[in-house]
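# Chains, contacts and geometry: an overview
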Amino acid sequence: QVQLVESGGGLVQPGGSLRLSCAASGFTFSLYSMNWYRQTPGKERELVASITGDGAITGYADSVKGRFTISRDNAKNTVYLQMNSLKPEDTAVYYCNAISISHSYWGQGTQVTVSS
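The model shown is predicted, which means the values in this text are computed figures rather than measured ones. (Residues numbered from 1 in each chain as written. Predicted model: local features only at pLDDT ≥ 70, side-chain atom pairs only at ≥ 80, totals over all residues. Heavy atoms only, no water.)

Moving on to the state of the cysteines. Across all of its chains, the model carries one disulfide by this definition. Here cysteine 22 connects covalently by a disulfide to cysteine 96, the sulfurs 2.0 Å from one another. Note on the cysteine 22 and cysteine 96 pair: the S-S dihedral is about 40°, so by sign convention the disulfide is right-handed. Of this pair, cysteine 22 sits in strand β3 (residues 18-25) while cysteine 96 sits in strand β9 (residues 92-99), and the two are 74 residues apart along the sequence. Neither residue differs from the other here; cysteine 22 and cysteine 96 are each classed as buried. (Disulfide = S-S within 2.5 Å. Helix = DSSP H or I, 4+ residues; strand = E, 2+ residues; numbered from the N terminus. Buried < 20%, exposed > 50% of the residue type's maximum accessible area, 1.4 Å probe, protein only.)

As structure tokens, then:
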């Protein structure tokens, strides 16, 4: 059974940091690219960061470039999103996504709130 379980969200002040984790099970993790998306009410889900299966290539939305870092540990079947210099506009539900040519899996999301 495929599972993606996000954790690490919460309330943080502007300028603060959070590290999200997404633990995967039920599929061959290293064969999947992993993405972090975020969504706020009334808006479409936005792709924030991506990483290839071997971790060699990463990509970021312009809005988070230089502040967020995506990484993965294939031995632990986990992908991370280190978020620094957080802004109120980063407030959203963050989702991890595993994608291959034939499959796409989603986690349940974790809330990140940036507020003073």
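On we go from here.
A separate point is the pattern of salt bridges. Under the counting rule described, the total for this entry stands at four salt bridges. In this structure, arginine 38 engages glutamate 46 in a salt bridge whose closest nitrogen and oxygen atoms are separated by 2.8 Å. Given the relative accessible area of 6%, arginine 38 is considered buried. Overall, glutamate 46 belongs to the partly exposed group, its relative accessible area being 30%. For lysine 65, the salt bridge is made with aspartate 62, and the minimal N-O distance between the two is 3.2 Å. Across the pair, aspartate 62 and lysine 65 agree in class, each one exposed. (Salt bridge = Lys/Arg side-chain N within 4 Å of Asp/Glu carboxyl O.)

What follows covers the sheet that holds β3. In spatial order, the strands read β1-β3-β8-β7; together these four strands make up an open sheet with antiparallel pairing. Looking at the sheet topology across the chains shown, the edges are occupied by β1 (3-7) and β7 (68-73). The sheet shows a mean angle of 15° between the axes of neighbouring strands, direction not considered. Pairing of β1 with β3 involves five bridges; the strand directions are antiparallel. Within the sheet, the bridge partner assigned to leucine 4 lies in β3 and is alanine 24. (Pairing = 2+ DSSP bridges. Axes fitted to C-alpha atoms, helices over the stretch in contact; angles between N-to-C directions.)

This paragraph deals with the environment of threonine 91. Tracing the chain through its elements places threonine 91 in the loop between β8 (78-83) and β9. Put simply, threonine 91 and phenylalanine 68 are 23 residues apart on the chain and 14 Å apart in space, counted from C-alpha to C-alpha. Residues in contact with threonine 91, not counting those within four places in the same chain, are Thr40, Gln111, Val112, Thr113 and Val114. Only 2.9 Å separates the side chain of threonine 91 from the backbone oxygen of proline 88, close enough to count as a polar contact. Here valine 114 takes part through its backbone nitrogen, which lies 2.9 Å from a polar atom of the side chain of threonine 91. (Contact = heavy atoms within 4.5 Å. Polar contact = N/O pair within 3.5 Å; in protein donor to acceptor, adjacent residues only side chain to side chain.)

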